[in-house]
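# Survey of secondary and tertiary structure
Letter by letter, the chains look like this.
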Amino acid sequence: GCPTFSDHSARSAKHKMERFLHPGRLCAATVYAPAQFGPAPLCLFDLMAPSAEAGQSLPQLLATGSLLSVDPDRIMLKKIVLTGHPFRVHKRK
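Predicted model, so just to flag it, every value in this text is computed and none were measured.

## Describing the overall build of the chain
- Check the secondary structure of the chain and you find zero helices and six strands.
- The helix and strand sequence of the chain, counted from the amino end, reads β-β-β-β-β-β.
- Its C-alpha radius of gyration of 20 Å places the chain more than 25% over the 12 Å reference for a compact globule of 93 residues.
- Within the chain, the fraction of its 93 residues that count as buried is 9%.
- Of all intrachain contacts in the chain linking residues separated by at least 6 positions in sequence, the fraction that spans at least 24 positions is 45%.

Next comes the structure, spelled out in structure tokens:
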């Protein structure tokens, strides 16, 4: 599956979710994968569109890094903006 990106801050236990991988910024990618114990080097690849002469997809290197930890309790926060008006408000008299 696709990785979920979030910022990596050592000061906090909660990490802000990112929509995509920002170039030049530190980022953590969370995936469901077989357990791997660090330190382990990682490479993130993306398949490009098929080339004209070869007719097959070639992998493109997107990012490199290392394994932080195997943490099933990592908290990622997604910020959403609610719009509109309340439909029903219950008030006590």
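Moving on from the model shown.
## Quick word on the pairing of strand β2 (residues 14-18)
- Relative to β2, strand β1 (residues 4-6) runs antiparallel, the two being bridged by two bridges. Its bridge partner being in β2, Ser 6 is matched across the sheet by Met 17.
- Bridging between β2 and strand β6 (residues 75-77) involves three bridges; their strand directions are parallel. Residue pairing across strands places Lys 14 opposite Ile 75, the latter belonging to β6.

## Some words on the layout of surface pockets
- Its volume calculated, the largest pocket comes out at about 1,600 Å³.
- Every element with two or more residues in the lining of the largest pocket is listed here: β1, β3 (28-30), β4 (41-47) and β5 (59-66).
- In terms of residue count, the dominant contributor to the lining of the largest pocket is β5 (five residues).
- Thr 4, Phe 5, Lys 16, Met 17, Glu 18, Arg 19, Phe 20, His 22, Lys 78 and Lys 79 are the residues that line the second largest pocket.
- The greatest single-element share of the lining of the second largest pocket, amounting to three residues, is contributed by β2.
- Its residues placed into classes, the lining of the second largest pocket shows three nonpolar, two polar and five charged.

What counts, and at which threshold
- Residues numbered from 1 in each chain as written.
- Predicted model: local features only at pLDDT ≥ 70, side-chain atom pairs only at ≥ 80, totals over all residues.
- Heavy atoms only, no water.
- Helix = DSSP H or I, 4+ residues; strand = E, 2+ residues; numbered from the N terminus.
- Rg over C-alpha atoms; globule rule 2.2 N^0.38 Å.
- Buried < 20%, exposed > 50% of the residue type's maximum accessible area, 1.4 Å probe, protein only.
- Contact = heavy atoms within 4.5 Å.
- Pairing = 2+ DSSP bridges.
- 1 Å grid on protein atoms, 1.4 Å probe; cavity = no way out; pocket = protein on both sides within 12 Å on 5 of 7 lines; lining within 4 Å.
- Points joined across faces, edges and corners; volume = space filled by probe spheres on them.
- Nonpolar A, V, L, I, M, F, W, Y, C, P; charged D, E, K, R; others polar.

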